[in-house]
Amino acid sequence: MTHAQATDKHPGELADVPGWFPALDQTLFTWFLEQQTKAGLKGDLLELGVYLGKSAILLGHHLQDGERFTVCDLFEGDAPDDANQAESSQSYASLTQQAFERNYLSFHDRLPTVITGPSSLVDEKVSPDSCRFIHIDASHLYEHVHGDIGAAHDILLPEGVVVLDDFRSEHTPGVSVAAWEAVLNRGLRPICLSTQKMYATWGDPEPLQEELLAMLRLRTDVGLSVQEAAGHRLIRTRSRGMKPPPFPLSRHYQEPAPAPAPAAPEARVPGAARPARPAPSLARRLAKDLLPPVVTRAVRRARAKRS
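As the structure is a computational prediction, the values presented were derived from the model and not from experiment.

Novice: Explain the nonpolar core to me, please; I cannot follow it from the model alone.
Specialist: In terms of nonpolar packing, the biggest core is built from 40 residues, with Phe29, Phe32, Phe133 and Leu212 touching the most fellow members. Those elements that provide at least two residues to this core are α1 (23-38), α2 (54-61), β2 (69-73), α4 (97-105), β5 (156-165), β6 (189-193) and α8 (206-216). No other element matches the seven residues that α1 contributes to this core. When neighbours within four sequence positions are excluded, Leu212 is seen to be in contact with Leu28, Trp31, Phe32 and Cys192. With 30 residues, the next largest nonpolar core counts Val145, Val175, Leu188 and Trp202 among its residues.

Novice: It is not clear to me how the environment of Pro244 should be interpreted in this structure. Could you clarify?
Specialist: Considering the arrangement of structural elements, one finds Pro244 in the loop between β9 (232-239) and α9 (282-290). We classify Pro244 as partly exposed; its relative accessible area is 45%. Along the chain, Pro244 and Pro22 lie 222 residues apart, while their C-alpha atoms are 7.7 Å from each other.

Novice: Is there a simple way to think about the pairing of β9 in this case?
Specialist: Successive side chains on a regular strand alternate, one facing one side of the sheet and the next facing the other. In this structure, β6 lies alongside β9, joined through two bridges in parallel fashion. Among the inter-strand pairings, Cys192 is bridged to a residue of β9, identified as Ile235. Relative to β9, strand β8 (residues 222-229) is paired through eight bridges, and the arrangement is antiparallel. Its bridge partner lying in β9, Gly223 is registered against Arg238.

Novice: Just to check I follow, could you spell out the sheet that holds β8 for this structure?
Specialist: Strand pairing in a sheet takes place through backbone hydrogen bonds and is either antiparallel or parallel in direction. Across the sheet, which stays open at both edges, the nine strands sit in the order β3-β2-β1-β4-β5-β7-β6-β9-β8 with mixed pairing between neighbours. In the strand order of this sheet, the two ends are held by β3 (113-116) and β8, each with one partner. Strand-to-strand twist in this sheet, taken as the mean axis angle between neighbours without regard to direction, amounts to 20°.

Novice: Would you explain the side chain of Glu47 in this entry?
Specialist: Counting through the fold element by element, Glu47 comes out in strand β1 (residues 44-48). It turns out Glu47 is buried and unbridged, and the closest side chain with the opposite charge, Lys197, is 6.9 Å from it. Side-chain polar atoms of Glu47 contact the side chain of Ser55, separated by 2.6 Å. Within the structure, Glu47 has its side chain in polar contact with the backbone nitrogen of Ala56 (distance 3.5 Å). Here Glu47 is in contact with Ser55, Ala56, Leu59, Phe69, Thr70, Val71, Cys72 and His135, once residues within four sequence places are set aside.

Novice: Teacher, can you tell me more about the packing of helix α6 (residues 142-155) against helix α7 (residues 173-185) here?
Specialist: In a packed pair of helices, the relevant descriptors are the angle between the two axes and the axis-to-axis distance. Interaxial distance between α6 and α7 falls to 8 Å at its minimum, and their mutual angle equals 35°. Between α6 and α7 lies a crossing of right-handed hand. From α6, Tyr142, Val145, His146 and Ile149 reach across to α7, where they touch Gly174, Val175, Val177, Ala178, Ala179, Glu181 and Ala182. Of the residues assigned to the contact of α6 with α7, the class counts are eight nonpolar, two polar and one charged.

Analysis parameters
- Throughout this description, residue numbers start from 1 for each chain and increase along the sequence as written.
- Reporting of local features is limited, given that this is a predicted model, to residues whose pLDDT is at least 70; pairs of side-chain atoms are given and counted only at 80 or more, and all residues count toward the totals for whole chains, interfaces and linings.
- The basis for every side-chain value is the complete set of non-hydrogen atoms in the structure, without hydrogens or water.
- Nine residue types can take part in a nonpolar core, namely buried Ala, Val, Leu, Ile, Met, Phe, Trp, Tyr and Cys, and a core is a set of them joined through side-chain atoms within 4.5 Å.
- Accessibility here uses a 1.4 Å probe with only protein chains present; expressed as a share of the type maximum, an area under 20% marks a residue as buried, one over 50% as exposed, and anything in between as partly exposed.
- Labels follow the DSSP assignment, with helices taken as runs of H or I lasting at least four residues and strands as runs of E lasting at least two, numbered in each case from the N terminus.
- Should any heavy atoms of two residues lie within 4.5 Å, those residues are counted as being in contact.
- Two strands qualify as a pair provided that DSSP identifies no fewer than 2 bridges between them.
- Helix axes use the C-alpha atoms of the stretch in contact, all axes being lines fitted to C-alpha atoms, and the angles between their N-to-C directions lie in the range 0 to 180 degrees.
- Only four residue types enter the charge count, namely Lys and Arg as positive and Asp and Glu as negative; His and the chain termini do not.
- One side-chain nitrogen of Lys or Arg within 4 Å of one carboxyl oxygen of Asp or Glu is enough to make a salt bridge.
- Contacts described as polar in this section are N or O atom pairs within 3.5 Å, which, within protein, must combine one atom able to donate a hydrogen with one able to accept it, while residues neighboring in sequence count only if both atoms come from side chains.
- In this scheme the crossing of two helices becomes right-handed for a clockwise turn of the near helix relative to the far one and left-handed for an anticlockwise turn of less than a right angle.
- Nonpolar residues are Ala, Val, Leu, Ile, Met, Phe, Trp, Tyr, Cys and Pro. Charged residues are Asp, Glu, Lys and Arg, and all others, Gly as well, are polar.

Quick look at the structure:
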């Protein structure tokens, strides 16, 4: 994992917010959320682990009237155990609630509901069967991810979508074990896989898979393959130079200063005398006087060839 650095500046656009949210996943988030809106699905949004708010800002843009958006993170608080504390200190030392709120409010008029503390608090504060979209990107330790998936199962609507971050990264084997265990033993059904995230549901994935495949097959900037594993159809996606989808600019956005125009060449006045040629140097005058004519002619011929 590359450690993103916090900044004390207001972001002008989503790309200015530090964090790990590739263009492919921005595209998939946008597609799933827009599909839910088109289908008339109502429900709240939830994100576990926000870092500096990059994905939360995108999620908040898709909040519908009457829906609630909740985020949960430790921020500067203490982790529930030593292993989680070590993980937080190593990877998220620059994270503060103030930095998250500054970034989020650059794009939105008000904050989501913020739970400051471990993700184990979420099932006490978010109602069962209330959310249509959940993004899990908190602790990478198996025990915590296992608990987060269990909480998501209870909170998510039957046709809702849950996204598990870092399910295949080499530095997060605990997430991989918890994710595939949920697929094999806990009824979770994958919809698609990106290079970083698993998109899944406890409902029927096939309708979404068919619509997703139809959309992806029209694009030339995504690699696509379909595989079967343990009775599950897995749609695998990867970026091929994909650009992020359009997103509204921050209230602090400033247009880049225009590049200075190149200086115009100096116009020559017709009939004006050419500038005088500089006088030859002393060395050139001495060479002309002292060198034999044959050598002088040879030098002139060599210069003529070069020009």
